[in-house]
There are 2 protein chains.
Amino acid sequence: MDNKRIIVAVDAMGGDNAPGAIVEGAVMAVNGSEDVEIKLVGKQEVVEAELAKYTYDKSRIEVINATEIIETAEKPTLAIRRKKDSSLVVAMKLLKEDKADAFVSAGSTGAVLVGGNAIVGRIKGIERPPLGPVLPSATGTFILIDCGANVDVRSDHLVQFAQMGSIYMKEIMGIENPRVAIVNNGAEEEKGNALVKETFPLLKECPDINFIGSIEAIRIPAGDADVVVCDGFVGNVVLKMYEGVGLTLFKEIKKTIMSSLHGKIAGAMIKKDLKKMMKQYDASEYGGSPMIGLNKLVVKSHGSSDAKEIMNSIYQCVQFTEADITGKIRAKLGTENKA
Amino acid sequence: MDNKRIIVAVDAMGGDNAPGAIVEGAVMAVNGSEDVEIKLVGKQEVVEAELAKYTYDKSRIEVINATEIIETAEKPTLAIRRKKDSSLVVAMKLLKEDKADAFVSAGSTGAVLVGGNAIVGRIKGIERPPLGPVLPSATGTFILIDCGANVDVRSDHLVQFAQMGSIYMKEIMGIENPRVAIVNNGAEEEKGNALVKETFPLLKECPDINFIGSIEAIRIPAGDADVVVCDGFVGNVVLKMYEGVGLTLFKEIKKTIMSSLHGKIAGAMIKKDLKKMMKQYDASEYGGSPMIGLNKLVVKSHGSSDAKEIMNSIYQCVQFTEADITGKIRAKLGTENKA
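Values in this document were obtained by computation on a predicted structure and should not be read as measured data.

So, how was this worked out
- Residues numbered from 1 in each chain as written.
- Chains lettered and ligands numbered in written order.
- Predicted model: local features only at pLDDT ≥ 70, side-chain atom pairs only at ≥ 80, totals over all residues.
- Heavy atoms only, no water.
- Least-squares fit on C-alpha atoms with pLDDT ≥ 70 in both.
- Contact = heavy atoms within 4.5 Å.
- Phe/Tyr/Trp six-rings, centres within 6.5 Å; stacked < 30°, edge-to-face > 60°.
- Helix = DSSP H or I, 4+ residues; strand = E, 2+ residues; numbered from the N terminus.
- Buried < 20%, exposed > 50% of the residue type's maximum accessible area, 1.4 Å probe, protein only.
- Lys NZ or Arg CZ within 6 Å of the ring centre and 35° of its normal.
- pLDDT = per-residue confidence, 0-100.
- Buried area = accessible area lost by both parts, 1.4 Å probe.
- Salt bridge = Lys/Arg side-chain N within 4 Å of Asp/Glu carboxyl O.
- Polar contact = N/O pair within 3.5 Å; in protein donor to acceptor, adjacent residues only side chain to side chain.
- Nonpolar A, V, L, I, M, F, W, Y, C, P; charged D, E, K, R; others polar.

Things to note about the relation of the copies chain B and chain A
Between chain B and chain A, the superposition needs a rotation of 180 degrees and an axial shift of 0.0 Å, giving an RMSD of 0.0 Å. Expressed as an axis order, the relation between the two copies is that of a two-fold axis. Among all residues of chain B, the one whose C-alpha sits closest to the rotation axis is Ala266 of chain B, at a distance of 2.1 Å. Of the interface residues in chain B, 100% have counterparts in chain A that sit at the interface too, so the contact is made through matching surfaces.

Take a look at the structure:
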């Protein structure tokens, strides 16, 4: 059995709650599934001190020493080049040297993106690996691809996002024939900026996706598409508005309810139901943002990840690797074996 | 007094609820304020039949006959060129010929934008008049400029948006020294797509605005800036995500509450408070989206506008014209009197 386990490298030092929550998440992942082995990369004594708090199968978590840490404020390209012994660089090298199958980090997004491209490497034929988080909608989930990796892209990049997103939603989320839509400023044919207008006919002609046309942002939370395609700048705005509007509204509702006695009583009555409903909108349930199109999976977990989200990101790696998404993308979009 | 009244032309035939809600809104505006006269433009007999339902000062609403209607599905440029006797074209000509001071339409956004540029005309020196709706935030309001008029823009256009938005928020919303921010995919210096990176230093150098830097979309609903600057494509995504997330969340909360008896009881207890809170987030309270930078104000009201929103859009026209925003923009940004 051992040799079939997926090996996930985990950046023990990245994220607001590192190393505590990261180490705890790794332990939870190992205790919750037989399918995974973990290489926890970070300052050995620090990581081991955290691990000492828990009971788990010691043969399935290995600590790999890395003495440096890349901070969020650092320039990603410089940090990757200079900090050769950082947890992020050391972990990514494990993927490159086939000592791990996938990587999870809650550290600097920029460093994850630069390292993914430079160290883990792109599948030949994939030009711009996007970040594609799976997000909740009123009717299920959708992948938002790209949510921030590539802020200036060409139309052919967007077509690859659509294709890779379709593979992901089919293989990981089990959606047959996922509906692909491009984010646009209206549903009419003449709408769109120059990039969208150029991309639209290419998506229409693309034979291996189920393109349903434009999606206005107002219909994204409603769940009108399974694969929501856009450049990384627009995707970041979609993602952050989703989070921001939700946060602001819930704060306002809470404030309103707590401002009166009858409100407090009513609030106590519905708290449990609302919490259950909210869980459906909790992005951490679905793990982090996968960086898709690399030779191996890299998952960027939220900077604020708690142990549960780290665990879910690790499980996401297991599922992705078991389903051989990379192999499927390579077969469909790779140029390695093509003339 | 009569000669000091602001004359607002209103498109009686545009919008989902035209002509009923439009005519009702015009009557409400006249009955609620002494400062306004209205020219209702549309099919004379239809508009007059609607007007016959109400009591109002007949000297302050004039019906101007226009036999055609521009539909939302029509190509804006063609429609403006061909339908010379449409309510929209006839009304805009009133502005051009100085027979009205401002214009409100809930009709086709595309036609309003094309007509605004082609018939009402731009202030000399303003290249791309943006749409700038005032939206609610957790701490007040902000102007989102551009929310959809110009999907492909240059950096110098964005600088004009920032300047015009600042004038609007100061003069109309009474905010001294409004905080200007550009929508970006992160707060760090190296963030941004090519357009944002090019615009950032120009905004930093611009002497007549209070530029505070980048704003991530997550901080927009929180109210971190008074003037939120972006291209019209991104602005449309911000606006529609705002509406879409709000709609979806409230639907889900309602569904959750109504799915149990204790929920229904609690819901009845807090309904009134929540409705009051929601009113703060009701965009129609602030009127429609002003198209700023034209020789006279054109306001695009929501397609779904009810009478109250039309009334508020008309009052927006009065305030804008009385504050002489056009004159102030011309003085600051116009090139008419410059070498």
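Next, the rest of the story.
Details of the packing of aromatic side chains
What describes a pair of aromatic rings is the distance from one ring centre to the other and the angle between the planes of the rings. Residues and elements named next belong to chain B. As enumerated under the stated definition, the model contains six aromatic pairs over all chains in all. For the ring pair Phe142 and Tyr242, a centre distance of 6.4 Å and an interplane angle of 10 degrees mean the geometry is stacked. In this pair, Phe142 sits in strand S6 (residues 141-145) while Tyr242 sits in helix H8 (residues 232-258), placing the two residues 100 residues apart along the sequence. The two residues Phe142 and Tyr242 agree in class, both being buried. Seen in terms of ring centroids, Tyr168 and Phe320 are 6.0 Å apart; in terms of plane orientation they differ by 40 degrees. Their pairing is tilted. You can see Tyr168 sitting in helix H6 (residues 155-171) and its partner Phe320 sitting in helix H10 (residues 307-322), a full 152 residues away along the chain. Accessibility assignment for this pair places Tyr168 and Phe320 in one class, buried. Sitting above the plane of the Tyr56 ring, Lys58 keeps its charged end 4.7 Å from the centroid.

Here's the deal with the confidence of the model for chain A
Caution applies to low-pLDDT regions: their predicted coordinates should not be interpreted in detail. For chain A, mean pLDDT is 93; residues scoring 70 or higher make up 97% of the total. The ipTM, which scores confidence in the relative placement of chains, is 0.89 for this predicted complex, and the corresponding pTM is 0.91.

Digging into the interface of chain B and chain A
Across the contact, 53 residues belong to chain B and 53 residues belong to chain A. For the chain B and chain A pair, buried surface summed over both sides reaches about 4,800 Å², with 73% attributable to carbon and sulfur atoms. Per-residue buried area on chain B facing chain A is highest for Ile218, Phe233 and Met241 of chain B; these three make up 14% of the total on that side. On inspection of chain B and its partner chain A, the count reaches two salt bridges. The interface formed by chain B and chain A contains six residue pairs in polar contact (both at pLDDT 80 or more). Elements with a minimum of two residues in the side of chain B that touches chain A: strand S7 (179-184), helix H7 (194-205), H8 and helix H9 (261-280) of chain B. Considering every element that reaches the side of chain B that touches chain A, the biggest residue donor is H8 of chain B, with 20 residues. Residues of the side of chain B that touches chain A, tallied by class, amount to 30 nonpolar, 15 polar and eight charged.

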